Amino acid sequence: MSAVLGHHEEAMDAGHRGVALNPYDMGARGVLGMCYLQTGEHRKAIELFSMAAQSGNSDPRYQWAVLNAFSHYLLGQYDATLSWAREELYVNPNHLQALTVRAAALAQLGRTAEAAEATEILLAKYPNTTVERHLRNFHWKKPEDLARFREGLLKAGVPSGALTLIKSPKLAAES
């Protein structure tokens, strides 16, 4: 929780303590990976997420595939991002984070038609999604990580901010 809330140093301390207490607990390794993802150490995060996923940890609380997708995305490894997002979407076809990182990766690869289709699927499942609303939930330490994800979402066609309907004023000729 500390990592997700942006308390990065506290999270790293807790993550390292958890792995030290039980080095065979893949959940603890994955949680430490989450800390590395949040702090921008994506290669370390991938190593820990991959280890946790390969060890057969199927606890549904952990989303190793989508976390791996984000780590690869933030390294600019968009094909790997798509592979991990696909893995998560097999398990949960409505996974919000997997849908968003997939759309962003397709856009970053220049696969605009596929990115538009992925965004259409995302918005059909989550119609109130906007880039700014979605990114409020991310407390990554490195601003460039957030900027890269924002860029991908915008390229994919995810609406930027809240959409407001404006009523046309009644014209005098219509009275």
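Residues numbered from 1 in each chain as written. Predicted model: local features only at pLDDT ≥ 70, side-chain atom pairs only at ≥ 80, totals over all residues. Heavy atoms only, no water.

Student: Give me the confidence of the model for the chain: which residues, what numbers.
Tutor: Per-residue pLDDT for the chain has a mean of 85; in total, 83% of the residues score no lower than 70. Of all secondary-structure elements in the chain, the lowest mean pLDDT belongs to helix α1 (residues 8-21), at 78, while helix α6 (residues 96-108) reaches the highest, 98. (pLDDT = per-residue confidence, 0-100. Helix = DSSP H or I, 4+ residues; strand = E, 2+ residues; numbered from the N terminus.)

Student: For the packing of helix α3 (residues 42-54) against helix α4 (residues 64-74), give the residues involved together with the corresponding values.
Tutor: Running from N to C, α3 and α4 point in directions that differ by 155°, and their axes come no closer than 9 Å. On the basis of their axis angle, the class for α3 and α4 is roughly antiparallel. Crossing of α3 over α4 shows left-handed handedness. Only W64, L67, N68, S71, H72 and L74 of α4 make contact with α3, whose side of the interface consists of H42, A45, I46, F49, S50, A52 and A53. (Axes fitted to C-alpha atoms, helices over the stretch in contact; angles between N-to-C directions. Parallel < 35°, antiparallel > 145°, perpendicular 65-115°, else oblique. Left-handed = near helix turned anticlockwise from the far one by under 90°. Contact = heavy atoms within 4.5 Å.)

Student: Residues and numbers for α4, please.
Tutor: Where burial is concerned, most of α4 is hidden: eleven out of the eleven residues are buried. Among the residues of α4, W64, A65, V66, L67, N68, A69, F70, S71, H72, Y73 and L74 are the ones counted as buried. The secondary structure elements touched by the buried residues of α4 are α2 (26-39), α3, α5 (78-91), α6 and α9 (143-156). (Buried < 20%, exposed > 50% of the residue type's maximum accessible area, 1.4 Å probe, protein only.)

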